[in-house]
There are 2 protein chains.
Amino acid sequence: MIEVEYRFPPSVNAEKQAKIIAIGQTAGSWDERFSHRESQLQSHLGQVLNVITDEQGYDIARVAFPEANVENDLPSLLTMIFGKYSMAGLGKIVGVHLPKNYGQRPKFGISGIRNLLGVGDRPLVMAIFKPALGLSAADHATILKEVAFAGLDIIKDDEILGDLPLAPTLDRLAACRQVLDEVKAQTGRTVLYAVNVTGRADQLLAKARLLVENGANALLFNALSYGFSVLEALAADSAVNVPIFVHPALAGALCASAETGLSYSVVLGTLMAHSGADAVLYPAHYGSLPFDPTEEAKIREILRSQNVFPVPSAGIHPGVVPTVLEDYGNEVILNAGTGIMDHPTGPEAGVKAFFQALEWLREGKVFDVEKLPENELKTALLKWGIYER
Amino acid sequence: MIEVEYRFPPSVNAEKQAKIIAIGQTAGSWDERFSHRESQLQSHLGQVLNVITDEQGYDIARVAFPEANVENDLPSLLTMIFGKYSMAGLGKIVGVHLPKNYGQRPKFGISGIRNLLGVGDRPLVMAIFKPALGLSAADHATILKEVAFAGLDIIKDDEILGDLPLAPTLDRLAACRQVLDEVKAQTGRTVLYAVNVTGRADQLLAKARLLVENGANALLFNALSYGFSVLEALAADSAVNVPIFVHPALAGALCASAETGLSYSVVLGTLMAHSGADAVLYPAHYGSLPFDPTEEAKIREILRSQNVFPVPSAGIHPGVVPTVLEDYGNEVILNAGTGIMDHPTGPEAGVKAFFQALEWLREGKVFDVEKLPENELKTALLKWGIYER
């Protein structure tokens, strides 16, 4: 069974709504002419399991749906649990409980990405090409050279950067692939570049294959803008044998309201964990985006439970590393945009500052600007400060 | 240029947020190392046009974005105008203004669907197979026979009905196609059956072609559950030479909040009008779904302006026909689910009641149960009443 929690404000009769959902989102309506189909109709019906009241006085109704109603994918699931009902007024989906094997598992996930990189015992460090728009393919390679030789694990395109004439996706890949090869040859290290794959669904799927044929070793995908069915196709394609990093662009449109939509932990946690994504970005609560630490913790745990790599993003800079290690442990990818690119002495220093932070803390030392040597970490901490809870 | 209106509650500094959007959703950040690229960066920057305060005290900021930043499609547009920013707190997109030729035009649209049906001078009448789940392919054909011979223009699958073992999509089509052929042979009339096309993006696109090859003369598609990029691929595929009816499932998750997400008229109006959809369903404000008549009117006008057929749905029964004609005019498809299937004497009578209503009003007569002959319309009005504003 698939179980879904719907949360209603006190003004709404939750029991009544739950019954409307259980019937309206499954069989839809009854008709005596089909009484000979009674058992078939019954087998598709949803069922109200219970309604409880939370501490804020909101009612949470738990409704069970037969798996037989859906196609083991996310779009048919979304249509069933919230398709028409999403337009019915106040009510938010705050929990979705799927069978472990529902949907798709990641091809790589946490273990696979660690294997590719040969890094097992620390958070991975990821950067973002900036500025987002306006750079040429050669500019991308210049930036990559700085950060990759400085020790970076992963870099990604900005999610806004599509396949634009100034820096076509294949040109960016070609320019950057050369740098990745140089790093491999000179240091033995693999660095992943998650290339943003965009376009009309049919062209996007073809482009993903073409990118991999041309040496892409990771993809970035805006699953909510393009659609879960496209992510599922990418994940199922054996020719796309590289990790897929999913960006949360547009998630706020679905999740930011307290009384409608779906919660962040459902969309960026549960749905993504069953989508075939290998790694999923989401806002860290330290940053500029107003994010609830409880929702963030749920996302992290749900993703990990399906071997999907959590990628806390936004507000990540060297000064948050001590708190991040305490809160997250090692099994995360720390994704820093400006936290690397805007280091006072440049992106190379930005990467070094992160690794100095990890090393300093691994040695059991505390963060104290006074005690640090004159290094990139100190410069970073003087700029961004040390994050305090 | 692409112009977007963001609405903020009084608690938010709209001018500041508009500037954050204009830079943060385009170039992202500046860096002196790329000063040689200044003109390139400038050409991608967004621009705050103005901020006005509406009657409710909300501020509406209008931001212009260069078309050069996007790929003439909806996913890259959504990522740019609301991708990361959707997670930034309160703020709702209430208007999107695209160049007329942005995205895709419908292959059929209003004029094309009317041509297929040979009906020019009245609203079209559409029904929905019910119950949504649990019927066999043969049951579908049985229902279709009743309603199609009664004069129905279009029927569609329920949006929840996927490609399930009890009634596989191709089997439903095969059973119903036979009925459509009988109707054509005996009456000369074309009836459209919008078959719900579902699945993983690659399989869905292949299935759409297969359905058309097997005689499907229309498709139903849950664009918001599956993704706009898939709709764009369907619309661009010359082998999919049948009208695409788009269902609004999940729209409430994006649109129902007053202070976050996007307004219904943006998602079901503007975006759909540039998606390649031929006809778009949305809630009529007469019905059970709480829908704002102003938003509904905007959707209708925006769709019509791009030759996309508006399909008001939910709450449509014979008793609303006089009001509907006043409010909508002829250029709509009236989509009735229970309003046809739950007629006291059956679906055939449900269809007849609609056509009797249209004929009665065409003759300039008023709706009055006392004056009607003993017909299906009268039975319907006794059940559902005559809608009063």
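It should be emphasised that the depicted structure is a prediction, and the values quoted were computed from it without experimental measurement. (Residues numbered from 1 in each chain as written. Chains lettered and ligands numbered in written order. Predicted model: local features only at pLDDT ≥ 70, side-chain atom pairs only at ≥ 80, totals over all residues.)

S.K.: Teacher, can you tell me more about the relation of the copies chain A and chain B here?
M.R.: Between the two copies of the chain lies a relationship made up of a rotation around an axis and a movement along it. For the pair chain A and chain B, the best superposition has an RMSD of 0.0 Å and corresponds to a rotation of 180° with a translation of 0.0 Å parallel to the axis. On the angle and the small slide along the axis, the relation comes out as a two-fold axis. Residue G227 of chain A of chain A places its C-alpha closer to the rotation axis than any other residue of that unit, at 1.9 Å. A symmetric contact is evident, with 100% of the interface residues of chain A recurring at the interface of chain B. (Least-squares fit on C-alpha atoms with pLDDT ≥ 70 in both. Contact = placed C-beta atoms within 7 Å.)

S.K.: So what exactly am I meant to see when it comes to the interface of chain A and chain B here?
M.R.: Where interface size is given, it is often the accessible area lost as the parts come together that is meant. Counting from both sides, the interface comprises 78 residues of chain A and, opposite them, 78 residues of chain B. When residues of the side of chain A that touches chain B are traced back to their parent elements, those giving at least two are α2 (38-44), α3 (74-82), α7 (201-213), α8 (223-226), α9 (228-236), α10 (251-255) and α14 (338-341) of chain A. Counted by class, the side of chain A that touches chain B contains 39 nonpolar, 25 polar and 14 charged residues. (Helix = DSSP H or I, 4+ residues; strand = E, 2+ residues; numbered from the N terminus. Nonpolar A, V, L, I, M, F, W, Y, C, P; charged D, E, K, R; others polar.)

S.K.: Is there a simple way to think about unusual backbone geometry in this case?
M.R.: One can expect most non-glycine residues to show negative phi and most peptide bonds to be in trans. Residue and element names in this part refer to chain A. Cis geometry is found at the peptide bond from K130 to P131, where omega equals -5°. Its place among the elements puts P131 in the loop between β5 (124-128) and α5 (137-149). Backbone geometry at L250 places phi at a positive 85°, although glycine is not the residue there. In this structure, L250 sits in the loop between β9 (244-246) and α10.

S.K.: In this structure, what is going on with the sheet that holds strand β1 (residues 2-8) of chain A? I would like to understand it.
M.R.: Where strands meet in a sheet, backbone hydrogen bonds hold them as pairs that are either parallel or antiparallel. Residue and element names in this part refer to chain A. Judged by pairing direction, the sheet is antiparallel, and its four strands sit side by side in the order β2-β3-β1-β4 without closing on themselves. Every interior strand has two partners, whereas the edge strands, β2 (47-53) and β4 (92-97), have only one. On average, adjacent strands in this sheet sit at an angle of 20° to one another, irrespective of strand direction. With six bridges joining them, β2 and strand β3 (residues 59-65) adopt antiparallel strand pairing. Looking at the pairing, Q47 lines up with A64 of β3. (Pairing = 2+ DSSP bridges. Axes fitted to C-alpha atoms, helices over the stretch in contact; angles between N-to-C directions.)

S.K.: Just to check I follow, could you spell out the confidence of the model for chain A for this structure?
M.R.: Do not read the predicted coordinates in detail wherever pLDDT is low. All names here are of chain A. This prediction gives chain A a mean pLDDT of 95; 98% of its residues lie at or above 70. Across chain A, element-level confidence peaks in β9 with a mean pLDDT of 99 and bottoms out in α2 with 83. ipTM for the predicted complex: 0.97, alongside a pTM of 0.97. (pLDDT = per-residue confidence, 0-100.)

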